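# Structural characterization, general
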Amino acid sequence: MCQTCQTFAGILVLCLINSAFLLENGLARTPPMGWLAWERFRCNTDCKNDPDNCISENLFRTMADIVISEGYAAVGYEYINVDDCWLEKERNNYGQLVPDRQRFPRGMKSLADYVHSKGLKFGIYEDFGNYTCAGYPGVLGYLRTDAQTFASWDVDYVKLDGCYAHPSEMDRGYPEFGFYLNQTGRAMMYSCSWPVYQIYAGMQPNFTSIIEHCNLWRNFDDIQDSWASVESIIDYYGNNQDVIVANAGPGHWNDPDMLIIGNFGLSYEQSKAQMAIWAIMAAPLLMSVDLRSIRPEYKAILQNKKIIAVDQDPLGIQGRRIYKHKGIEIWSRPITPLYQNYFSYAVAFLNRRTDGTPSDVAVTLKELGLTSPTGYRVEDLYEDVDYGVLSPQTKIKVKVNPSGKYTY
Ligand code: GLA
């Protein structure tokens with residue numbers, strides 16, 4: 001029987017009452033969760049004039065502190081991830097990477113130790129090409145050395161970008177760097193940008209190989225601080241779901257990019273929508289926001305345990321867009337618990353219209369593909385409404401607040 005069924009605003013979970021490909025590192029059995037600097041803090045290196053917001057060890061220490069003190073760690077956020085612009089422009093005499101001496105005076109091992117002392121994990125950024133996207137030294141020509149350096153700093157997560165590299169060399173290069181990571185003996189999560197650069201170059205990524213070699217990978221554009229950007233990502237994943245969805249599973253995930261909830265660009269409703277759709281997509285949940293000043297209602301979205309549980313569902317089946325008409329979308333994801341070979345489901349209702357008034361969406365469970373004769377317990381994950389146990393023939397009515405640009 002279904003014990004915990006859930007609904008959302010739209011996101012409903014309809015609980016009933018795999019495809020695990022094991023990477024050698026054994027990590028990311030569920031999508032990684034944490035904090036990542038890029039979208040919010042970019043390549044701000046001006047610590048003289050902007051000491052609190054520049055890319056420096058202080059910023060990451062502070063965020064690690066808050067992830068613990070404000071309850072983010074308690075709901076699953078675990079990684080504190082550095083992105084671009086942490087490096088000196090030159091390697092040292094041994095050909096090793098050197099963190100910026102002014103901004104990371106104690107070095108990366110010390111920062112990793114600090115993050116670990118909090119019970120968290122530490123991530124770093126590099127690039128498969130000659131340079132990172134912001135122009136710092138890339139790993140090309142130094143794959144083994146850099147993997148060893150990261151292991152010696154006790155890094156737990158490596159994001160390997162793909163600027164200044166030939167997309168056709170990535171089929172060889174990304175697995176090679178992964179091989180060197182594995183060879184260090186330290187388990188490091190491996191985030192790849194391999195498919196997105198190949199797609200940009202007009203190539204068809206070899207997802208069989210990507211799944212084998214990466215724990216997560218980017219498929220599409222960088223997220224920006226706007227609803228238009230979030231919508232473009234939702235559309236990309238919806239429009240390409242037949243190619244994308246089956247690639248996700250325990251150990252290997254599609255990465256639609258960071259959560260921008262709590263920044264400047266999304267309204268409250270749009271923030272709820274991002275969280276709900278990312279959970280349906282089994283996306284990594286990497287917050288990129290200033291945790292020092294986030295407003296409580298946005299923090300509550302990021303810390304919504306029921307939606308996080310959907311994202312982290314152990315089956316690891318990525319959801320799909322199952323309906324799209326006149327600005328209303330329905331997204332659905334099979335989740336646990338299973339009962340007599342029927343899945344439970346998380347169902348998100350998205351209203352992209354701009355006509356102001358909440359839209360009524362009425363649909364039977366059967367129309368959503370939910371056919372278990374024993375019925376489903378239905379719960380709203382944002383509003384704490386329990387709809388009780390419903391049969392497949394029951395029509396559910398959901399009011400979905402508008403949050404988008406669709407004009408009818
Ligand atoms: C690329 C990546 C971003 C970020 C920047 C850093 O654009 O896709 O996520 O890492 O580089 O320069």
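Under an unreviewed UniProt entry, the name given to the protein chain is Alpha-galactosidase, and the source organism is Asbolus verrucosus. Looking at the protein chain in UniProt, the text filed under Subcellular location (unreviewed entry) is "Lysosome". Its UniProt record, at the heading Subunit (unreviewed entry), says of the protein chain: "Homodimer."

With that out of the way, let us pick up the overall build of the protein chain. Regarding its fold elements, the protein chain presents 12 helices and 17 strands. Taken over C-alpha atoms, the radius of gyration comes to 21 Å for the protein chain, in line with the 22 Å a tight globule of 408 residues would show. Along the first, second and third principal axes, the C-alpha atoms of the protein chain reach 70 × 45 × 40 Å. Taken across its 408 residues, the protein chain has 59% of its residues classed as buried. Approximately 16,000 Å² of the protein chain is accessible, and the part contributed by carbon and sulfur atoms is 48%. Of the charged side chains in the protein chain, 37 are positive and 47 negative; the average position of the first set lies 4 Å away from that of the second.

Right, let's get into the site of the ligand. If you check the shell around the ligand, you find Trp38, Asp83, Asp84, Tyr125, Cys133, Ala134, Lys159, Asp161, Arg218 and Asp222 and nothing else. In the environment of the ligand, an oxygen atom lies 2.8 Å from a nitrogen or oxygen atom belonging to the side chain of Asp161. Out of a free accessible area of 310 Å², the ligand has 90% covered by protein chains. Of the residues that constitute the shell around the ligand, the class distribution is 4 nonpolar, no polar and 6 charged.

Attention now moves to the domain arrangement of the protein chain. Interface size is commonly expressed as the accessible area that is lost once the parts come together. Split into domains, the protein chain comes out as domain 1 (33-316) and domain 2 (321-407). The centre of domain 1, based on its C-alpha atoms, is set 31 Å off from the matching centre of domain 2. Each partner contributes residues to the interface: domain 1 has 30 residues there, and domain 2 has 26 residues. Surface buried jointly by domain 1 and domain 2 totals about 2,300 Å² across both partners, of which 58% is contributed by carbon and sulfur atoms. Linking domain 1 with domain 2 are 5 salt bridges, by the criterion used here. Here Arg352 ties to Glu231 by a salt bridge, and the two come within 2.9 Å at their closest N and O atoms. Counting across the interface, domain 1 meets domain 2 through 12 residue pairs in polar contact (both at pLDDT 80 or more). Counting residues per element, the ones that place at least two in the side of domain 1 that touches domain 2 are helix H8 (227-239), helix H10 (268-280) and helix H12 (305-311). Here the side of domain 1 that touches domain 2 gets 10 residues from one element, more than from any other, and that element is H10. For the side of domain 1 that touches domain 2, the residue count by class is 16 nonpolar, 7 polar and 7 charged.

What follows deals with the pattern of salt bridges. This model, assessed by the stated rule, comprises 31 salt bridges. Linking Arg186 and Asp154 is a salt bridge whose minimum nitrogen-to-oxygen distance equals 3.5 Å. With Arg186 in the loop between helix H5 (170-183) and strand S7 (189-192) and Asp154 in the loop between helix H4 (143-152) and strand S6 (157-161), the pair connects residues that are 32 residues apart, well separated along the chain. On the basis of relative accessible area, Arg186 is assigned to the partly exposed category, the value being 24%. Exposure remark for Asp154: the relative accessible area of 21% places this residue in the partly exposed category. By sharing partners, the salt bridges in this structure join Lys109, Asp113, Asp154, Asp156 and Arg186 into a single network.

You can see Ser191 is positioned in strand S7. If sequence neighbours within four positions are ignored, Ser191 has contacts with Tyr157, Val158, Lys159, Leu160 and Leu216.

This part takes up the environment of Cys133. Note on placement: Cys133 falls in the loop between strand S5 (121-127) and H4. Along the chain, Cys133 and Pro334 lie 201 residues apart, while their C-alpha atoms are 37 Å from each other. Not counting the four nearest positions on each side in its chain, Cys133 is found in contact with Asp84, Tyr125, Asp127, Asp161, Cys163, Tyr164 and Tyr197.

Turning our eyes to something else, we now look at the packing of H4 against H5. Put simply, H4 and H5 touch, their axes get as near as 8 Å, and they point 40 degrees apart. When the axis of H4 is compared with that of H5, the two are oblique. Taken as a pair, H4 and H5 cross one another with a handedness that is right-handed. Contacts between H4 and H5 involve Leu143, Arg144, Asp146, Ala147 and Phe150 from the former and Gly173, Glu176, Phe177, Tyr180, Leu181 and Gln183 from the latter. Looking at the contact of H4 with H5, its residues break down into 6 nonpolar, 2 polar and 3 charged.

Rules used in this analysis
Residues numbered from 1 in each chain as written. Predicted model: local features only at pLDDT ≥ 70, side-chain atom pairs only at ≥ 80, totals over all residues. Heavy atoms only, no water. UniProt positions renumbered as here; feature names shortened; annotations may be inferred. Helix = DSSP H or I, 4+ residues; strand = E, 2+ residues; numbered from the N terminus. Rg over C-alpha atoms; globule rule 2.2 N^0.38 Å. Buried < 20%, exposed > 50% of the residue type's maximum accessible area, 1.4 Å probe, protein only. Areas by Shrake-Rupley, 256 points an atom, 1.4 Å probe, with all protein chains shown as cover. Lys, Arg positive; Asp, Glu negative; His and termini not counted. Charge placed at Lys NZ, Arg CZ, Asp CG, Glu CD. Near = heavy atom within 4 Å. Polar contact = N/O pair within 3.5 Å; in protein donor to acceptor, adjacent residues only side chain to side chain. Nonpolar A, V, L, I, M, F, W, Y, C, P; charged D, E, K, R; others polar. Domains from an automatic or database assignment. Contact = heavy atoms within 4.5 Å. Buried area = accessible area lost by both parts, 1.4 Å probe. Salt bridge = Lys/Arg side-chain N within 4 Å of Asp/Glu carboxyl O. Axes fitted to C-alpha atoms, helices over the stretch in contact; angles between N-to-C directions. Parallel < 35°, antiparallel > 145°, perpendicular 65-115°, else oblique. Left-handed = near helix turned anticlockwise from the far one by under 90°.

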